[in-house]
Amino acid sequence: MAWRDTLMELKAELSEIRSERSRQAEDDQADIDRQRRELTQLADTLRVPQLLEEMNSTLLDGKGEMEKIVSWEPIEEGGEDLELDDDTVEEADVITAILTWEEGGDRELAVDLGISDDGTYLQVNNVDIRPEPEALEQALLEGFRDELEI
């Protein structure tokens, strides 16, 4: 009987632990969902895709290609997997907008808006900038010039 009593005590203990883990997972997911909403709102405020589309239209006569990748959304059928750098955490939440074009070689202007351990970050071609519209506009112009080496 002692064996059976021990098993029943362990079962009760496991039930409590499992319940706590479940509550913690729900809390963690709620926090992730909140951060993702905030990231999406910031991307909308900064108008990242619209700025790249304007650059494509004005500077490239619409010959560039735009791509937007939201890391937590499923990739559309026929889409390619997002290639991650070795330094990129596989589960990092990031919204990436990329303008690519051909001009004396393949050119790319990439904007990454994401969440790291240090908080929200914004990068243009892997250069950190302030998450403000004016800083983004300036960084896009500099990034474009750098791509064309002018």
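The structure reproduced in this document is the subject of the present report.

Rules of the game
Residues numbered from 1 in each chain as written. Predicted model: local features only at pLDDT ≥ 70, side-chain atom pairs only at ≥ 80, totals over all residues. Heavy atoms only, no water. Helix = DSSP H or I, 4+ residues; strand = E, 2+ residues; numbered from the N terminus. Expected span 1.5 Å × (residues − 1). Buried < 20%, exposed > 50% of the residue type's maximum accessible area, 1.4 Å probe, protein only. Contact = heavy atoms within 4.5 Å. Patch = residues over 30% accessible without salt bridge, like charges linked within 9 Å, V, L, I, M, F, W, Y side chains within 5 Å. Areas by Shrake-Rupley, 256 points an atom, 1.4 Å probe, with all protein chains shown as cover. Salt bridge = Lys/Arg side-chain N within 4 Å of Asp/Glu carboxyl O. Lys, Arg positive; Asp, Glu negative; His and termini not counted. Charge placed at Lys NZ, Arg CZ, Asp CG, Glu CD. Core = buried A, V, L, I, M, F, W, Y, C linked by side-chain atoms within 4.5 Å. Polar contact = N/O pair within 3.5 Å; in protein donor to acceptor, adjacent residues only side chain to side chain.

## Concerning helix H3 (residues 133-148)
The end-to-end C-alpha distance of H3, which contains 16 residues, comes to 23 Å, matching closely the 22 Å that a straight helix rising 1.5 Å per residue would cover. Looking only at H3, the buried set comprises Ala135, Leu136, Ala139, Leu140, Gly143, Phe144 and Leu148. Buried residues along H3 sit in contact with helix H1 (2-46), helix H2 (48-59), strand S2 (94-102), strand S3 (106-116), strand S4 (119-124) and strand S5 (127-129).

## Focus on a negative patch on the surface
Together, Asp5, Glu9, Glu13 and Glu16 make up a region of like negative charge exposed at the surface. Topologically, Glu13 is positioned in helix H1. Note on Glu13: relative accessible area 46%, which makes it partly exposed.

## Observations regarding unusual backbone geometry
Its identity is not glycine, yet Arg47 carries a phi of approximately 60°, on the positive side. Positionally, Arg47 belongs in the loop between H1 and H2. Classification of Arg47 by relative accessible area gives partly exposed; the value is 35%. The residue Asn125 is not glycine, and still its phi comes out positive at about 50°. By secondary structure assignment, the location of Asn125 is in the loop between S4 and S5.

## Notes on the nonpolar core
Ranked by internal contacts, the top residues of the largest apolar core, which has 25 residues, are Leu52, Leu109, Val111, Val124, Leu136 and Leu140. For this core, the secondary-structure elements that each account for two or more residues are H1, H2, S2, S3, S4 and H3. Beyond its immediate sequence surroundings of up to four residues, Leu140 is in contact with Leu51, Leu52, Met55, Leu109, Val111 and Val124.

## Observations regarding the side chain of Thr96
As for its position among the elements, Thr96 is in strand S2. Residue classification places Thr96 among the buried residues on the basis of a relative accessible area of 7%. Here Asp112 takes part through its side chain, which lies 2.7 Å from a polar atom of the side chain of Thr96. Look past the residues within four positions of Thr96 in its chain and what remains in contact with it is Glu67, Lys68, Ile69, Val111 and Asp112.

## A closer look at the pattern of salt bridges
Summed over all chains, the structure comprises six salt bridges. Of the charged contacts in the structure, one is a salt bridge between Arg34 and Glu38, with a shortest N-O distance of 3.0 Å. Residue Arg34 and its partner Glu38 are located together in helix H1, separated by four residues, close to a single helical turn. A residue is classified by how much of its surface remains accessible, and Arg34, at 33% relative accessible area, is partly exposed. Glu38 gets classed as partly exposed once you look at its relative accessible area, which sits at 42%. Here Arg36 and Asp93 are joined by a salt bridge, their closest N and O atoms 3.1 Å apart. Remark: Asp93 occurs in the loop between strand S1 (65-70) and S2 and Arg36 occurs in helix H1; sequence separation between them is 57 residues. For Arg36, a relative accessible area of 21% puts it in the partly exposed group. The network of salt bridges with common partners includes Asp31, Arg34 and Glu38.

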